[in-house]
Amino acid sequence: IALWRHRRHFAAPDLREYLIFSSIAICKIVCAEFLTATSLGLYSSTVNRQYNQKQRAMSETKMDRTKPQSEYIQPIVWRNVFLIGIFHIIAFYALCCSFFERKPLLLAWGITVGVLSGIGVTAGAHRLWTHRAYKAKWPLRLILLAFYSIAGQNSIFDWVRDHRLHHQFSDTDCDPHNATRGFFFSHVGWLMYRKHPSVIEKGRMIDMSDILADPLVTFHSRYFNFIKILLCFVFPVGIPIWLWNEDFYSSMLYIGILRYIIGLNCTWSVNSVAHIWGYKPYNKSISPAENNFVALAAMGEGFHNYHHCFPWDYKAAELGFYSLNITTLFIDFFARIGWAYDLKTASDEMVKLRVIASGDGTHPSSTKEHLQ
Ligand SMILES: [Zn+2]
Ligand SMILES: [Zn+2]
């Protein structure tokens, strides 16, 4: 694709070479990260088993910090490695090309589709179906299901079960994207392995009766693959071609692939970045942290220290400022017209008690008291 594209649009040979070799370099970095993650995480593939034994002896100090409770060879799912890898290489190439394109309509459409899909994940799969932080009437649930499908992620059932596990067993072997295994694993690596037995075992114990009782979700699950392909690829790629005669290649490259991959990485950053970097004003003993970058990228899901303390709060943040929390704006709007109701939120008193009991002193109220 890269060669064909260059032949059509770029004359300068140095630019062509730069883009192609940059893509290869990124691919190599991802592969190196992957091998490092498998060798240091103790959940190595059989391929890397011998390599790991040498590495274990060499990195004993580092291992002590990240030592899991039980050792298990977690096989790599090469199909996922290949698909995720190839999609990222094409997306990186598209990102480079996008700097030279003048396609404002396509850019606006890409942002629109990205925001809608993000809301489907945050307001739908996360705050509504996983945490039951509010209730929604069927038209809103239908909208959220459609938006969620645009994101092209797992089925609602899998998403909810994995996220409930994540909250119940954070940073242990039972956490599907256990952040103690490093950035790469918690970001994307966890999708490249078969699940750890502890995840499967505890996953069976998660109560999913509410999800199974929702007729809209069961309908969505039944036709999941068809709906996903239609709403994640066919519809977003087809609209620019139909409305303003965009060429298929550009629409597929920027909307079908680049927009999709950026959206996935925004969601994944909550599990990785927001579990590694940031302040902990509510509970300093857990890894989730407050991270404004993630809040912006994931539409309000970056206030992760608060969210792990009060997962049932529909705002997923103490302060409901909309600029970094578009999801809260969306839910508030539908609450006004009556489609969202029974919104749950933590009281000021509850938050204050938590800040005093276990915060790291970075909460604005702690700073004020300190200054006084
Ligand atoms: Zn988390
Ligand atoms: Zn959550």
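Above this text sits the structure in question.
A few points on the structure. This is a predicted model, so every value here is computed, not measured.

For the rest of this paragraph, the subject is the packing of aromatic side chains. All told, the structure shown has 13 aromatic pairs when counted by the stated rule. Judged by centre distance (5.2 Å) and plane angle (80 degrees), the ring pair of Phe233 and Tyr260 falls under edge-to-face. Of this pair, Phe233 sits in helix α13 (residues 224–244) while Tyr260 is found in helix α14 (residues 248–271), placing the two residues 27 residues apart along the sequence. Each member of the pair, Phe233 as well as Tyr260, is classed as buried. A centroid spacing of 5.1 Å and a plane angle of 85 degrees characterise the contact between Phe333 and Phe334, whose relative ring orientation is edge-to-face. Taking relative accessible area as the criterion, Phe334 reaches 9% and is therefore assigned buried. Chaining the aromatic ring pairs together yields one cluster made of Phe147, Phe330, Phe333, Phe334 and Trp339. Directly above the aromatic system of Tyr193 lies the positively charged group of Arg181, at a separation of 6.0 Å from the ring centroid.

Turning our attention to the coordination of the zinc ion (ligand 2). A four-donor tetrahedral metal ideally has 109.5 degree angles, and a six-donor octahedral metal ideally has angles of 90 or 180 degrees. The protein atoms that coordinate the zinc ion (ligand 2) are His126 (NE2), His131 (NE2), His163 (NE2), His167 (NE2) and His307 (NE2), at distances spanning 2.0 to 2.2 Å. Within one chain, the residues serving as donors to the zinc ion (ligand 2) are arranged as H-x4-H-x31-H-x3-H-x139-H. Of this pair, His167 sits in helix α8 (residues 156–168) while His307 sits in helix α16 (residues 304–309); the two residues are 140 residues apart in sequence, bridging distant segments of the chain. Among the residues examined, His167 registers a relative accessible area of 19% and is labelled buried. The exposure class of His307 is buried, given its relative accessible area of 2%.

Side chains of Phe219, Tyr223, Phe226, Ile229, Leu230 and Val234 sit close together on the surface and give an oily, nonpolar patch of about 600 Å² of accessible area. The element that contributes the greatest number of residues to the nonpolar patch is α13, accounting for 4 residues. By the secondary structure assignment, Leu230 is in helix α13. Take Leu230: its relative accessible area is 36%, and that puts it in the partly exposed class.

Running from N to C, helix α6 (residues 104–130) and α8 point in directions that differ by 65 degrees, and their axes come no closer than 10 Å. For the crossing formed where α6 meets α8, the hand is right-handed. Contacts between α6 and α8 pair Val121, Ala125, His126, Trp129 and Thr130 from the former with Ile156, Trp159, Val160, His163, Arg164 and His167 from the latter. Each residue belonging to the contact of α6 with α8 can be placed in one class, and the counts come to 6 nonpolar, 4 polar and 1 charged.

The rules behind each value
- Residues numbered from 1 in each chain as written.
- Chains lettered and ligands numbered in written order.
- Predicted model: local features only at pLDDT ≥ 70, side-chain atom pairs only at ≥ 80, totals over all residues.
- Heavy atoms only, no water.
- Phe/Tyr/Trp six-rings, centres within 6.5 Å; stacked < 30°, edge-to-face > 60°.
- Helix = DSSP H or I, 4+ residues; strand = E, 2+ residues; numbered from the N terminus.
- Buried < 20%, exposed > 50% of the residue type's maximum accessible area, 1.4 Å probe, protein only.
- Lys NZ or Arg CZ within 6 Å of the ring centre and 35° of its normal.
- Donors = N, O, S within 2.8 Å, 3.2 Å for Na, K, Ca; no water.
- Patch = residues over 30% accessible without salt bridge, like charges linked within 9 Å, V, L, I, M, F, W, Y side chains within 5 Å.
- Areas by Shrake-Rupley, 256 points an atom, 1.4 Å probe, with all protein chains shown as cover.
- Salt bridge = Lys/Arg side-chain N within 4 Å of Asp/Glu carboxyl O.
- Axes fitted to C-alpha atoms, helices over the stretch in contact; angles between N-to-C directions.
- Left-handed = near helix turned anticlockwise from the far one by under 90°.
- Contact = heavy atoms within 4.5 Å.
- Nonpolar A, V, L, I, M, F, W, Y, C, P; charged D, E, K, R; others polar.

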